[in-house]
Amino acid sequence: MSVKTCLMFGGGGMAGGWIGHWINHFRDRIKIIGLVDVNEEILEKQADLLGLGKDQLFTSTEEAVDKVRADFAGVATPPQFHASQTISALEAGMPVICEKPIAGTIEDARAMVDTANRTGLPVSIIQNYRYARDKQEVRRIVDEGRLGRLQHVIGRYACDYRKHCSWGKEWRHTMDYALLFEGSIHHMDMLRFLSAGDCETLTGFGWNPEWSSFKHLSSGMYLMKMNNGSHCFYEGNSTAAGIINCWHKEYYRLELEKGTVEIAGGKDITIHRMDKQVEQYEAPEIPWEGHNHLFDEFLNWIDGDKPADTRIQENIKSFAMILAAMDSGTDGAVRKIADYL
Ligand SMILES: NC(=O)c1ccc[n+]([C@@H]2O[C@H](COP(=O)([O-])OP(=O)(O)OC[C@H]3O[C@@H](n4cnc5c(N)ncnc54)[C@H](O)[C@@H]3O)[C@@H](O)[C@H]2O)c1
């Protein structure tokens with residue numbers, strides 16, 4: 001396994017988290033040779049940590065892509081910059097691993113998919129929540145038919161972000177559709193993953209309670225028909241004040257032919273069956289959790305292994321669901337996902 005060089009877009013926030021994961025777990029597989037950030041203080045701080053010289057630090061995407069030839073590029077900047085950075089890197093011959101959501105608009109996302117298809121280079125999108133012990137076990141229960149056929153999945157996300165700036169960065173409280181773009185993208189992707197189906201149609205509503213800390217909607221409820229006969233329902237609430245199912249502790253319930261499965265984060269699986277005691281057990285361990293799974297999978301893909309399950313051509317199906325939710329939320333009309341792809 002050789003060391004892969006990386007041109008990294010973003011140095012603070014989640015990008016700082018990536019760098020931490022790489023130092024702790026991928027020191028012998030990833031070496032950052034160029035770093036791009038609009039914040040010079042962050043550039044200097046990370047340069048010290050990574051041992052980068054001034055000629056390896058950039059505030060401009062164009063200059064970085066012009067000067068640095070790396071084995072791949074990492075993109076962990078805010079969503080509206082993903083398209084220009086990913087496309088520039090692909091055009092320069094670098095495979096890309098990029099944070100969710102794919103982009104800020106469907107046009108940008110389609111342009112990214114087109115460039116990935118034309119260049120034939122790998123583009124993996126981070127959907128870290130799939131790679132948790134409980135989620136992987138639930139998917140196995142569905143795939144192996146342990147409780148028969150799947151009827152429907154309920155997903156609930158509820159965080160108390162009633163204070164301004166409590167959701168990490170101010171931009172999440174001022175942007176349009178923060179719930180959908182920054183939150184629900186994870187949950188819509190999870191509903192696809194747990195149901196083993198792709199969404200065909202979606203309808204629902206979004207709203208912003210008067211006491212919300214968000215400029216735009218903080219809450220919504222959406223109903224989905226999947227292409228394998230199952231159905232999904234999603235409750236998203238960034239203004240929760242009572243029962244919390246925040247990050248890593250979202251609640252999912254699957255109604256199957258011979259029982260009900262519940263998870264709410266961590267490793268515990270609860271199975272209810274009629275006339276039987278409730279069964280609770282710990283899901284088996286998995287080799288890599290969250291982001292680390294995606295980094296490992298992406299490096300193996302570049303080396304010729306199988307493409308990532310969350311490659312951009314697949315993950316645009318999750319992104320299209322939040323676009324459909326955005327549109328349906330305005331009038332409650334049913335939207336076809338195919339119209340967005
Ligand atoms: N997968 C997850 O669990 C998860 C969690 C949080 C955030 N994210 C995603 O990570 C991405 C970044 O979010 P964040 O909270 O870290 O944002 P952030 O505002 O902290 O920005 C991250 C870094 O990018 C830099 N930056 C901003 N604009 C830039 C530009 N045009 N070019 C280069 N650098 C730029 C910032 O200075 C900062 O260092 C988003 O897509 C977000 O949705 C994912």
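Novice: Help me get a handle on the sheet that holds strand β15 (residues 335-336), residues and values and all.
Specialist: Overall, mixed pairing links the nine strands, which are arranged β14-β13-β12-β11-β7-β10-β9-β8-β15 in an open sheet. Two strands lie at the open edges of the sheet, namely β14 (279-282) and β15, each paired on one side alone. Where strand β12 (residues 259-263) meets strand β13 (residues 268-272), three bridges bridge the pair, whose relative direction is antiparallel. For T260, the partnering residue across the bridge sits in β13 and is H272. Where helix α6 (residues 133-143) meets the sheet, its contacts fall on β11 (251-256), β12, β13 and β14, and the angle it forms with β13 comes to roughly 35 degrees.

Novice: Any details on the packing of helix α1 (residues 14-25) against helix α9 (residues 290-302)? Residues and values, ideally.
Specialist: In a packed pair of helices, the relevant descriptors are the angle between the two axes and the axis-to-axis distance. Across the interface, α1 lies against α9 with an axial gap of 11 Å and an inter-helix angle of 70 degrees. The pairing of α1 with α9 is recorded here as roughly perpendicular in orientation. For the pair α1 and α9, the sense of crossing is right-handed. From α1, M14, W18, H21, W22 and H25 reach across to α9, where they touch H291, N292 and F295. For the contact of α1 with α9, the class distribution of residues is four nonpolar, four polar and no charged.

Novice: How would you sum up the pattern of salt bridges? Please name residues and give values.
Specialist: Should their charged atoms come close, side chains of opposite charge can pair. Counted according to the given criterion, the structure contains 27 salt bridges. In this structure, D303 engages K4 in a salt bridge whose closest nitrogen and oxygen atoms are separated by 2.9 Å. Within this pair, whereas D303 is found in the loop between α9 and α10 (312-331), its partner K4 is found in strand β1 (residues 4-9), the two being separated by 299 residues in sequence. Residues R140 and E137 are paired through a salt bridge, measuring 3.0 Å at the closest nitrogen-oxygen approach. Note that R140 and E137 are positioned in helix α6 at a spacing of three residues, about one turn of the helix. A relative accessible area of 27% places R140 in the partly exposed class. Among the residues examined, E137 registers a relative accessible area of 4% and is labelled buried.

Novice: Lay out the side chain of E235 in plain terms, naming residues and giving numbers.
Specialist: Here E235 lies in strand β10 (residues 231-237). A distance of 3.1 Å separates the side chain of E235 from the side chain of R156, its partner in a polar contact. E235 has contacts with G155, R156, Y157, G220 and M221, leaving out every residue within four places of it along the chain.

Novice: Would you mind going over the site of the ligand in detail, with residue names and values included?
Specialist: Not every one of the 29 residues close to the ligand is listed here, only the nearest: M14, D37, K100, K169 and R172. Between the ligand and E99 there is a distance of 3.1 Å, counted from a nitrogen atom to a side-chain nitrogen or oxygen. Contact distances for the ligand include 2.7 Å between an oxygen atom and a side-chain N or O atom of K100. Among the secondary structure elements, those contributing two or more residues to the shell around the ligand are α4 (82-91), α7 (170-174) and α8 (178-195). Residues that form the shell around the ligand fall into these classes: 12 nonpolar, 11 polar and six charged. Mapped onto the domain boundaries, the shell around the ligand takes at least three residues apiece from domain 1 (4-125) and domain 2 (129-290 + 319-340).

Novice: Requested: an account of the domain arrangement of the chain, with residues and values cited.
Specialist: Each assigned domain of the chain is listed here: domain 1 (4-125) and domain 2 (129-290 + 319-340). Its C-alpha centre places domain 1 at a distance of 28 Å from the equivalent point of domain 2. Contact residues are listed per partner, giving 14 residues for domain 1 and 11 residues for domain 2. For the domain 1 face of the interface with domain 2, the top three residues by lost area are K100, P101 and I106, together amounting to 46%. There are one salt bridge connecting domain 1 and domain 2. Across the salt bridge formed by K100 and E182, the nearest N and O atoms sit 3.6 Å from each other.

Novice: Provide a residue-level description of the pairing of β11, including the pertinent values.
Specialist: In terms of residue burial, β11 counts as a mostly covered element, since five of its six residues are buried. Sheet topology note: the strand β7 (residues 150-158)/β11 ladder contains six bridges and is antiparallel. Its bridge partner lying in β11, G155 is registered against Y252. Linking two consecutive strands that pair antiparallel, namely β11 and β12, is a turn of two residues.

Novice: I'd love a proper account of the state of the cysteines, names of residues and values included.
Specialist: By the definition in use, this model includes one disulfide. Each disulfide pairs two cysteine sulfurs, and for C159 the partner residue is C246, the sulfurs being separated by 1.9 Å. Across the S-S bond of C159 and C246 the torsion is about 95 degrees, and the bridge reads as right-handed. Within this pair, whereas C159 is found in the loop between β7 and α7, its partner C246 is found in the loop between β10 and β11, the two being separated by 87 residues in sequence.

Novice: Lay out the pairing of strand β2 (residues 30-36) with the relevant residues and their values.
Specialist: Counting buried residues in β2 gives six out of seven residues, a clear majority hidden from the surface. Relative to β2, β1 runs parallel, the two sharing six bridges. In the strand pairing of β2, F9 is matched with V36. Tracing the backbone out of β1, into α1 and back to the parallel element β2 gives a crossover that is right-handed. As defined by bridge partners, β2 adjoins strand β3 (residues 57-58) across two bridges and the pair is classed as parallel. In the strand pairing of β3, V36 is matched with F58. Traced from β2 through helix α2 (residues 40-50) to β3, the parallel crossover comes out right-handed.

Rules behind the numbers
Residues numbered from 1 in each chain as written. Predicted model: local features only at pLDDT ≥ 70, side-chain atom pairs only at ≥ 80, totals over all residues. Heavy atoms only, no water. Pairing = 2+ DSSP bridges. Helix = DSSP H or I, 4+ residues; strand = E, 2+ residues; numbered from the N terminus. Contact = heavy atoms within 4.5 Å. Axes fitted to C-alpha atoms, helices over the stretch in contact; angles between N-to-C directions. Parallel < 35°, antiparallel > 145°, perpendicular 65-115°, else oblique. Left-handed = near helix turned anticlockwise from the far one by under 90°. Nonpolar A, V, L, I, M, F, W, Y, C, P; charged D, E, K, R; others polar. Salt bridge = Lys/Arg side-chain N within 4 Å of Asp/Glu carboxyl O. Buried < 20%, exposed > 50% of the residue type's maximum accessible area, 1.4 Å probe, protein only. Polar contact = N/O pair within 3.5 Å; in protein donor to acceptor, adjacent residues only side chain to side chain. Near = heavy atom within 4 Å. Domains from an automatic or database assignment. Buried area = accessible area lost by both parts, 1.4 Å probe. Disulfide = S-S within 2.5 Å. Right-handed = clockwise from strand over helix to strand, strands pointing away.

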